[in-house]
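# Structural characterization, general
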Amino acid sequence: MNRKKQAAISLSAAVLSGVLVYGVYVVQLRQLELQEMTEVVVPKQFIATGTRLEEAHLTTVAMPRTALLPEMLTDVSEAVGLEASMPLGGREPLLRWKIDKYRLLPRAGQSTFQIPREYVKSISNGIRAGDEAVLYLSGEEAEPRRLFTEAISVAGVKTAANLEIDNPKNSNLLSMANGDREGMYASRRDANGTIDAINLNLTEAQWLELDAACRGGTAKLVIAFQASSIREEARP
C-alpha cells in the first residue's frame, strides 16, 4: 500500500512539475512574442478624404515587428491635426503619405484670396489645387515683369459651375498624395472644365501689392504653372 501511495505521489509530482514547466514555457513564449510585436496607428473606422484627424479617430494595434514599414506611424500624436489626403480604411495601418499638413490652406500670415476675373489676363490650363504658380504682370503701358520673386501656393481652381478643376477618373490630389508624378501629369490633360476662378494663398502685403498693380486696369496677371509642383520626391 505504501508503495502504491508513493507511486501515486511521485506521479502527481511529475505531472505538477510538467504543468509548471509548461506554464513557464508559455509565459516566456508570450513575452518573446510581445517583444517581437510593435504598435502601429490605425483609424478606428473608415475616414473620408479631407477629414481632419483627431485622437478620437485613431487607435493602435499590435503587429509583428518584421512587418513594420517606414511609412507606418507608431504614435497617435504624429497624425493628430493632419488631413486625410484620400479615404482611410478602418483598422488599416496609417501610412504617412496618406495624410498631409493642409497644403491647400494658407500658412501663418497668409489668407486665401479669390483673384478677381478682371485682374487676370491668362491662367495656365495645367494649374491645379496644391500647385505652385508664378505671377507676372503684363500691360500695354508697362514693361512685363514678375510680380513676386517667390512662387505662390494655389488653394483652388474652379470652373464656372464652381467645381474644382480635376480629372474625376484620375484625381490630381490623389496622385499627388501617392507621389505618382505620372498620374499628376496625366490628370491635367483630361480636366472636367476650363478655369474660371483661381484662389491663391497670399500674405496681406502680397495681396495689397497685387491689388494696387491691377485695379487700375493698365496691367493684368499672367498666372503660370511652375513645373516643380510635380516634385521629384516620390512621397512627402
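Reading the values: the criteria
- Residues numbered from 1 in each chain as written.
- Predicted model: local features only at pLDDT ≥ 70, side-chain atom pairs only at ≥ 80, totals over all residues.
- Heavy atoms only, no water.
- Helix = DSSP H or I, 4+ residues; strand = E, 2+ residues; numbered from the N terminus.
- Buried < 20%, exposed > 50% of the residue type's maximum accessible area, 1.4 Å probe, protein only.
- Contact = heavy atoms within 4.5 Å.
- Areas by Shrake-Rupley, 256 points an atom, 1.4 Å probe, with all protein chains shown as cover.
- pLDDT = per-residue confidence, 0-100.
- Patch = residues over 30% accessible without salt bridge, like charges linked within 9 Å, V, L, I, M, F, W, Y side chains within 5 Å.
- Salt bridge = Lys/Arg side-chain N within 4 Å of Asp/Glu carboxyl O.
- Arc of directions from axis to C-beta.

## Quick word on the overall build of the chain
- Scanning the chain from N- to C-terminus turns up 4 helices and 11 strands.
- Looking at the chain as a whole, 35% of its 236 residues qualify as buried.
- At a minimum sequence separation of 6, the contacts of the chain that also span at least 24 residues come to 72%.
- With an accessible surface of roughly 14400 Å², the chain has 54% of that area assigned to carbon and sulfur atoms.

## Things to note about the confidence of the model for the chain
- On average, residues of the chain score 82 in pLDDT, and 82% of them are at 70 or above.
- Throughout residues 231–236 the model reports pLDDT below 50, and contacts reaching past four residues in sequence, or to other chains, amount to 10 contacts.

## So, the environment of Pro64
- Relative to the helices and strands, Pro64 is located in strand β2 (residues 58–64).
- If we ignore the near neighbours within four places in the chain, the residues touching Pro64 are Glu36, Met37 and Thr38.

## Regarding a nonpolar patch on the surface
- There is a patch of nonpolar side chains on the surface, built from Tyr22, Tyr25 and Val26 and spanning about 330 Å² of accessible area.
- Tracing the backbone shows Tyr25 in helix α1 (residues 2–35).
- Overall, Tyr25 belongs to the partly exposed group, its relative accessible area being 48%.

## Digging into helix α4 (residues 204–214)
- Within α4, burial applies to Gln206, Trp207, Leu210, Asp211 and Cys214. In an axial view of α4, the angular spread of the buried residues amounts to 130 degrees, which keeps them on one side of the axis. In α4, the exposed positions angled more than 90 degrees off the buried face are occupied by Glu204 and Ala205.

## Looking at the pattern of salt bridges
- Applying the stated rule across the entire model yields 4 salt bridges.
- Note that Asp196 is salt-bridged to Arg117, the shortest N-O span being 2.6 Å. Remark: Arg117 occurs in the loop between β5 (110–114) and β6 (120–123) and Asp196 occurs in the loop between α3 (181–187) and β10 (197–203); sequence separation between them is 79 residues.
- For Arg117, a relative accessible area of 55% puts it in the exposed group.
- Lys158 is the salt-bridge partner of Glu164, the closest N and O atoms lying 3.5 Å from each other.
- Judged by its relative accessible area of 22%, Lys158 falls in the partly exposed class.

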